[in-house]
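Read off the chains here:
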Amino acid sequence: MTTNEAVRSRGNAEGATGSRSPRGGAGPARLKSRPADRIFFGLSLGSAALIVVILAAVATFLIVQAIPAITADWKTSPELSAGPTAGYGSFWSYVAPLIWGTLWVSAIALVIGAPIAIGIALFISHYAPRRLAGVLGYLIDLLAAVPSIVFGLWGIIVIRPLLLPLTDWLNQNLGWIPIFAGKPSTTGSTILAGAVVLAVMILPIISSISREIFLQTPRLHEEAALALGATKWEMIRLAVFPYARSGVVSATLLGLGRALGETMAIALIISPSIGFSLRILTEGQNSQTIAANIALNFQVADALQREALIGTGLILFVISLAVNIVARFIVSRTGKSGGTRRRVQLAPPEAASLRVANDPALSPVRGTSDKAEGASA
Amino acid sequence: MLARRGHHPEGNTVKFKHVATAGAVALAAAIALTSCASTPSATPAASNKATSAATPLDTTLTGTITAGGSSAQANAQTAWSTAFHAQVAGTTINYDKSQGSGGGVTNWLAGSYDFAGSDAALTAAQQTSSQANCGAGGALDLPAYLSGVAIIYNLPGVTGLKLSSATLAKIFTLQVKTWNDPAIAADNPGASLPSTAITVVTRSDGSGTTANFTTYLHDVQPSIFTQAAGTAWPVAGTSGQQGGSGVVNTVTAGAGTIGYADHSSIGTATAADIQVGTAETFVTYSAKGATNAFAAAATTTPSTKGDLTQVLDYSKITNKDSYPIPLLSYQILCTTFKDPAQAKVTKAYLGYIGSEIGQAIAAKNAGSAPLPAAILADVQKSLALVK
Amino acid sequence: MTATAQSNRRSPQGGMVNSLTAGRLPRFVEFYVLAGSLVVVGGAFMLLGFNLGGWIFVSVVLYLIVLAALSTLAENRRKAVDRIVRSVVTIAFLLAMAPLVSTLFTVAAKGIAQLNWGFISQTGGAVFDPQTLKVTITAGAWQAIVGTLEITGIATLMSVPIGILTSIYLVEYAKPKQWMARTVTFLVDVMTGIPSIVAGLFAFSLFTLIVGPKAFSGFSASVALSVLMIPIVVRSCEEMLRLVPHELREASFALGVSRFSTIIKIVLPTAIAGIVTGVMLAIARVIGETAPIFMAASFTDNFNVNPFNGPMQTLPVLAYTGIKFPGQDIAASVASAWGAALLLVILVVLLNIIARIVARVFAPKGAR
């Protein structure tokens, strides 16, 4: 991850943390520590600590609530063998298909939504006429304000009927592909419809943040690229993308977070069944997501069943954790060598030195280590 | 003040007006109830010269009632709380309909609610755990809201559809797949049925309506509907929609669709006539039919003193005046409140719900069916035990 | 990546020469090609049977192919790729605008009929007529507007300072390898995955511990929303702060300005536009939440302005209940639900405008 790496190398940024590490050449001189400084540092550290406390509290709450249902014997418990949890041998056999459904639906939504969202961000930041861009960006932001219940209703009113012909067509012509197989839906309550709506819901999140980040690309880099004869696309690929990669991935993760946890729209649109199914065009054979399952059954669940549902919530928690870890790992692997090396190659000598001053990612120490990495890679 | 009143809203509005003209004070006064001889079907109620034990509404009561649960009762609760507040101005009633029955009972067991609305009576385990908050007396399940499960369909060109219980069970277990299936044709001689595929629309969320409907199917056609009854729809492959409104909307929007919903929420959707008993008798839903069915099928099986848990025996619903799939919802409260003042307000409100006037208000504003007078008298007796 | 490197290497040699010698396509070539493909495909579809979706889809594919071919022949491969990307990005944008416009249009069209001054300014409720036993429900959103503003406002007041301070800690103070910074970054990631219903349950349970079983209050809903908001604020602010050029900080330090003043006077104003966008996104994300609100603040038809006691009504819950539990007059319930949804969107627009004005006032001049 470029920026993380950047900060890591920023040996000078530690002033107030009381570090005794030797200061790098480019860093500021030893700062005077004033009371305001100390208070402010205390406040920010306190806020960070508060987050740890909040999350610990939520996690404790989830675990305490979930344990009775996870450890219970689902076959003999009178509460768990009725209602929404009826017919499962254990917590794990209940939650496994839900995990699958959550990942499956979110993945489809992300595949549909993320490229379009990044395309929008790019269009607004680099292709649209400047005057129009503000308005368009605003319109997209507006979409984040639409409550998910409205997306759900819009999905029912607009998307479900709209996708019915496509559903039939895909089923008839591409039905040999497993995901398009099965008896096509007649009401439109398919995963496809749900994923399309979900994709629209995550668009504003991904595109707003990506747009801000694209806009932050130093103009110097862009102009340097253009001056070297790069086409606009080459400029974007060489100057904008490497600079924005970590931010875009972050934005996509936020979008994925929303997709994973989205309840209402999915619950309204998709006609679910708890099971492992790849099919996205059928009715009643659609894999169910954890969040929607909680929303749909929480209201009739009694105490132990509620705890079982909270247990699935705990699993959702763990899933998003895992997704985040994987994504961070991917970013840290692709982010450092690829991005910076290319920039070093591209930038003319003068611009490169400017960059070093400009961008913490390329402080002298970092630059050399980067070259070493580049050579070894 | 005495008033001769019937216990069904249909055709009785004049009588209600009689009572009503006397105004709020009249409502607050004790209303002696005598059953109306013109409704022969409600024989158990009629034979029991029920005298409502309702204490007069104390219009000086103040307090806030926090409650929630069953969404089936949502509209009725709005009507009840508005009417109650109109007479007892010092009270505020917050009924959270978004919780659902399970949420209502859970919150009530935790002590967050003064009473819970629930489509199912407390289980034995819940009854035991209620003693933590309610003391040794436990809790009371009081019937409060009666309606029926309507079978709605949308089949262009076909109206007045009749369905036997066997056909119904076959349709909802996906054994009958097209509308011109011989089973449906046999129920509807002479009707021209298209070969359209049947799309069965069910609830994707857990629901008391599903519990009532599956219990009915399982009790009446155990060999066809072999799945266990419960709040979650048990047959895979149907089109699951969220909420009664989701089912109604999807059935109305589709073609060849069929689904089930609380009759009071179906709006303009078309409901099928359902076979009652084993003969070829098909009944259209009516509030009176639901009341009659409840009177015929329900037996009180108390779990604690004063408890009014009802067990419905669907096989007893055979009269053509009865609608075969009634839907019942309870109010659940403690016998002993921690705060006597809170008990007083809650009792007054639930007593109002369990009075004939309360039932009439729900019937008028929420489309429910009034509970038989006999059970209302029992409700008042049980409420008298609450302190 | 390999391709990139190659094209880079090629650009100074082949590309440069080419662009000077080779021809250029006329200025509006994209429009001509698009119009041409639309006509050709339209004609073909007329013969085969017309289908709007198919027509547009096939036209676009044809357009891309023709454009690529023309550009490759007349210009060079790099130019062709550039033109294709430009077209694809524009198409992605138009493709995305369709649902966006459709959603906003649906909300506006369905909600506008309900949106009048009476609906906004009066508290919804019901009137009982003892004569007829009829309960008349009056649609009104005032208590829901107040509830939404209070609950979201308190949540914002709690989570924005915490979020910004935390991101300042992460970017300005902490060493990335420090366990604290890593833990916080990691936990913020984890927090984005908290299902909203769980946040509601958590807040309600927390307040049950503090104030006893009847813990329903607007404030507990605010806490639930804060749990959802904080990670969004931290994530977006962190990104924005990291993008502030380091030279600005260094220049400030070099002048002997303290770290505190540097952050307040240099870093935050530079990043303010991005931070405001992040905060607005966070608000927009939680203002429409239903599940945590009805878990923590319950639901009521009564007007309650005290966020610290008793159930509160909010716009999203009004919309949700109007749709999910319609009254006897289903059309009226659904109409007021759409009205509430439209109000919610309008509310966010207003907040957005205010926030942008604030950001503009504080942002350094000349920034993009």
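Position numbers for residues start from 1 in each chain and track the written sequence from start to end. As they are written, the chains are lettered A onward and the ligands numbered 1 onward, keeping that order. With pLDDT at 70 or above as the cut-off, local features in this predicted model cover only qualifying residues; side-chain atom pairs require 80 or more to be listed or tallied, and sums for whole chains, interfaces and linings still use all residues. Note that water and hydrogens are dropped before the side-chain values are worked out from all heavy atoms of the structure.

**Description of the overall build of chain C**
No. 1: The helix count covers DSSP runs of H or I at least four residues long, the strand count covers runs of E at least two residues long, and both are numbered beginning at the N terminus. Across its full length, chain C holds 14 helices and two strands.
No. 2: A radius of gyration in this sense is built from C-alpha atoms; the matching globule rule multiplies 2.2 Å by the number of residues raised to 0.38. A globule of 368 residues ought to have a C-alpha radius of gyration of about 21 Å, yet chain C, at 28 Å, is considerably larger.
No. 3: The C-alpha extent of chain C, read off along each of the three principal axes, is 90 × 75 × 35 Å.
No. 4: Per-residue accessibility, obtained with a 1.4 Å probe over protein chains only, is compared with the maximum for each type, and a residue is labelled buried under 20%, exposed over 50%, and partly exposed between these values. Within chain C, the proportion of its 368 residues that are buried is 55%.
No. 5: Note on contacts: a residue pair is in contact if any heavy atoms of the two residues lie within 4.5 Å. Considering only contacts in chain C between residues 6 or more positions apart, those separated by 24 or more positions represent 68%.
No. 6: Accessible area for chain C stands at about 15,300 Å²; split by element, carbon and sulfur atoms hold 71% of it. Only the protein chains shown count as covering a residue, and every accessible area follows the Shrake-Rupley method with a 1.4 Å probe.

**Brief notes about the overall build of chain B**
No. 1: Within chain B, the secondary structure is distributed over 14 helices and 14 strands.
No. 2: For chain B, with 387 residues in total, the buried portion stands at 63%.
No. 3: Contacts in chain B between residues far apart in sequence, at least 24 positions, make up 73% of those at least 6 positions apart.
No. 4: When the accessible surface of chain B is split by element, carbon and sulfur atoms take 57% of a total near 13,000 Å².

**As for the state of the cysteines**
Residue and element names in this part refer to chain B.
No. 1: For the purposes of this analysis, a disulfide is any pair of cysteine sulfur atoms at a distance within 2.5 Å. All told, the structure shown has one disulfide over all chains when counted by the stated rule.
No. 2: Note on cysteine connectivity: C134 is disulfide-linked to C334, with sulfurs 1.9 Å apart. Between C134 and C334, the S-S torsion sits near -55°, and that sign places the bridge as left-handed. Taken together, the positions of C134 in helix α6 (residues 124-134) and C334 in strand β14 (residues 326-334) put the pair 200 residues apart, joining distant regions of the chain. Each member of the pair, C134 together with C334, is buried.

**Concerning the interface of chain C and chain A**
A common measure of how large an interface is: the accessible area buried when the components associate.
No. 1: Contact with chain C, which involves 102 residues of that partner, is made by 114 residues of chain A.
No. 2: Summed over both partners, the accessible area (1.4 Å probe) lost when two parts come together is defined as the buried area. For the pair chain C and chain A, the two sides together bury roughly 10,100 Å², of which 71% comes from carbon and sulfur.
No. 3: Salt bridges are defined by distance alone: a side-chain nitrogen of Lys or Arg within 4 Å of a carboxyl oxygen of Asp or Glu. Counting every contact that joins chain C to chain A gives one salt bridge.
No. 4: Here E234(A) ties to R78(C) by a salt bridge, and the two come within 2.6 Å at their closest N and O atoms.
No. 5: Identification of polar contacts relies on pairs of N or O atoms within 3.5 Å, with a donor-acceptor requirement for protein atoms, meaning one able to donate a hydrogen and the other able to accept it, and with residues adjacent in sequence counted only if both atoms are side-chain atoms. Across the chain C-chain A interface, the total number found is eight residue pairs in polar contact (both at pLDDT 80 or more).

**Considerations on the interface of chain B and chain A**
No. 1: Taken together, the 24 residues of chain B in the interface contact 23 residues of chain A.
No. 2: Of the roughly 1,800 Å² buried at the junction of chain B and chain A (both faces included), carbon and sulfur atoms supply 48%.
No. 3: Counting the surface chain B buries against chain A, the share from its top three residues, T106(B), S204(B) and Q242(B), is 24%.
No. 4: Our count for the contact surface shared by chain B and chain A stands at zero salt bridges.
No. 5: There are nine residue pairs in polar contact (both at pLDDT 80 or more) connecting chain B and chain A.
No. 6: Here the side of chain B that touches chain A takes six residues from helix α5 (residues 100-109) of chain B, the largest share from any one element.
No. 7: Taken together, the residues of the side of chain B that touches chain A break down into one nonpolar, 22 polar and one charged. Gly is placed with the polar residues, together with every amino acid not listed as nonpolar (Ala, Val, Leu, Ile, Met, Phe, Trp, Tyr, Cys and Pro) or charged (Asp, Glu, Lys and Arg).

**A look at the pattern of salt bridges**
Residue and element names in this part refer to chain B.
No. 1: Scanning the model with the defined rule gives seven salt bridges over all chains in all.
No. 2: For the salt bridge of K381 with D378, the shortest nitrogen-to-oxygen distance reads 3.7 Å. You can see K381 and its partner D378 sitting in helix α14 (residues 373-385), three residues apart, about one turn around the helix.
No. 3: Its relative accessible area of 52% is what places K381 among the exposed residues.

**Comments concerning the environment of G327(C)**
No. 1: Structurally, G327(C) can be placed in the loop between α13 (315-324) and α14 (330-362).
No. 2: Sequence-wise, G327(C) and I137(C) are 190 residues apart; in three dimensions their C-alpha atoms are separated by 8.8 Å.
No. 3: Excluding residues that lie within four positions of it along the chain, G327(C) makes contacts with N75(B) and S333(C).

**Re the packing of helix α7 (residues 165-172) of chain B against helix α9 (residues 208-220) of chain B**
Residues and elements named next belong to chain B.
No. 1: Packing of α7 against α9 leaves a shortest axis separation of 10 Å and a crossing angle of 120°. The angle between the axes of α7 and α9 places the two elements in the oblique class. Seen along the crossing, α7 lies across α9 with a hand that is left-handed. Facing α7, whose interface residues are S165, L168, A169 and F172, α9 presents F213, Y216, L217 and V220. Fitting a line to C-alpha atoms yields each axis, with helices limited to the stretch in contact; the angle taken between N-to-C directions then spans 0 to 180 degrees. Orientation is classified from the angle alone, with under 35 degrees giving roughly parallel, over 145 giving roughly antiparallel, 65 to 115 giving roughly perpendicular, and any other angle giving oblique. What makes a crossing left-handed is the near helix being turned counterclockwise from the far one by less than a right angle; a clockwise turn instead makes it right-handed.

**Topic: the domain arrangement of chain C**
Residues and elements named next belong to chain C.
No. 1: Segmentation into domains, and thus their bounds, comes from an automatic or database assignment. Looking at the assigned domains, one finds that chain C contains domain 1 (2-7 + 22-111) and domain 2 (134-361).
No. 2: Here domain 1 and domain 2 have C-alpha centroids that lie 39 Å from each other.
No. 3: Taken together, the contact between domain 1 and domain 2 spans five residues of the former and five residues of the latter.
No. 4: Overall, the association of domain 1 and domain 2 removes approximately 470 Å² of surface from exposure, summing both partners, and the carbon and sulfur fraction of that is 87%.
No. 5: Of all residues in domain 1, V107, K110 and G111 give up the largest surface area on contact with domain 2, accounting jointly for 77% of the area buried on that side.
No. 6: Scanning the region where domain 1 abuts domain 2 turns up zero salt bridges.
No. 7: Counting across the interface, domain 1 meets domain 2 through zero residue pairs in polar contact (both at pLDDT 80 or more).
No. 8: In terms of residue class, the side of domain 1 that touches domain 2 is made up of two nonpolar, two polar and one charged.

**Focus on a nonpolar patch on the surface**
No. 1: Patch membership needs two things, relative accessible area over 30% and no salt bridge, and members are linked within 9 Å if like-charged or within 5 Å if nonpolar (Val, Leu, Ile, Met, Phe, Trp, Tyr). Residues I346(C), L350(C), I353(C), I354(C), I357(C), V358(C), V361(C) and F362(C) make up a contiguous nonpolar surface patch of roughly 730 Å² in combined accessible area.
No. 2: Examined against the element boundaries, I357(C) turns out to sit in helix α14.

**Section: helix α3 (residues 52-74) of chain C**
All names here are of chain C.
No. 1: Any helix carries an expected span of 1.5 Å times its number of residues minus one. If you check α3, its first and last C-alpha atoms are 32 Å apart, about what 23 residues at 1.5 Å a residue would give, namely 33 Å.
No. 2: Here α3 has its buried residues at G54, S59, Y63, L67 and S71.
No. 3: Packing partners of the buried residues in α3 comprise α2 (29-48) and α4 (77-112).

**Points about the sheet that holds strand β5 (residues 162-163) of chain B**
Residues and elements named next belong to chain B.
No. 1: For two strands to be treated as a pair, DSSP must find at least two bridges joining them. Here we have three strands laid out as an open sheet, ordered β5-β10-β11, and mixed in their pairing. Two strands close off the open sheet at either side, each with one partner strand: β5 and β11 (282-283).
No. 2: Bridging between strand β10 (residues 273-275) and β11 involves two bridges; their strand directions are antiparallel. Its bridge partner being in β11, Q275 is matched across the sheet by F282.

**Let's talk about the packing of helix α6 (residues 191-215) of chain A against helix α8 (residues 232-261) of chain A**
All names here are of chain A.
No. 1: Where α6 meets α8, the axes come as close as 8 Å, and the angle between the chain directions of the two elements is 155°. Relative to α8, the element α6 is oriented roughly antiparallel. Here α6 runs over α8; the crossing is right-handed. The segment α6 lies against α8, with L198, M201, I202, I205, I206, I209, S210, I213 and F214 engaging V240, F241, A244, G247, V248, A251, T252, L254, G255, R258 and A259.
No. 2: Of the residues in the contact of α6 with α8, the class split is 15 nonpolar, four polar and one charged.

**Remarks on the pairing of β14(B)**
Residue and element names in this part refer to chain B.
No. 1: Of all nine residues in β14, nine are buried, a share of seventy percent or more.
No. 2: Residues of β14 alternate between two faces, with P326, L328, Y330, I332 and C334 on one and L327, S329, Q331 and L333 on the opposite face, all of them buried.
No. 3: Two strands pair when backbone bridges link them, and strand β3 (residues 115-118) and β14 are joined in this way by four bridges, in the antiparallel orientation. Bridge pairing in β14 links G117 to Q331.
No. 4: One ladder, built from nine bridges, connects strand β4 (residues 139-154) with β14; its direction is antiparallel.

**Remarks on the pairing of strand β1 (residues 123-129) of chain C**
Residues and elements named next belong to chain C.
No. 1: Pairing between β1 and strand β2 (residues 134-141): six bridges, direction antiparallel. When the sheet's bridge partners are listed, F128 is paired in β2 with V135.
No. 2: Here β1 folds back onto β2 in antiparallel fashion, the turn holding four residues, of which L133 has a positive phi close to 65°.

**Description of the side chain of E289(C)**
No. 1: Structurally, the position occupied by E289(C) is in the loop between α11 (259-287) and α12 (291-296).
No. 2: Residues in contact with E289(C), not counting those within four places in the same chain, are S196(C), L225(C), L228(C) and P316(C).

**What about the nonpolar core?**
The tendency in soluble globular proteins is for nonpolar side chains to be buried side by side.
No. 1: Buried Ala, Val, Leu, Ile, Met, Phe, Trp, Tyr and Cys residues that are joined via side-chain atoms within 4.5 Å together make up what is termed a nonpolar core. Membership of the largest hydrophobic core comes to 201 residues, with the highest contact counts inside it found for I194(C), I275(C) and L315(C).
No. 2: Counting residues per element, this core draws most heavily on helix α3 (residues 91-127) of chain A, at 18 residues.
No. 3: Setting aside residues up to four positions removed in sequence, I194(C) forms contacts with L55(A), V58(A), F317(A), A199(C), V227(C) and L228(C).
No. 4: Counting residues in hydrophobic clusters, the runner-up holds 107 residues, among them I93(B), W233(B), A348(B) and V379(B).

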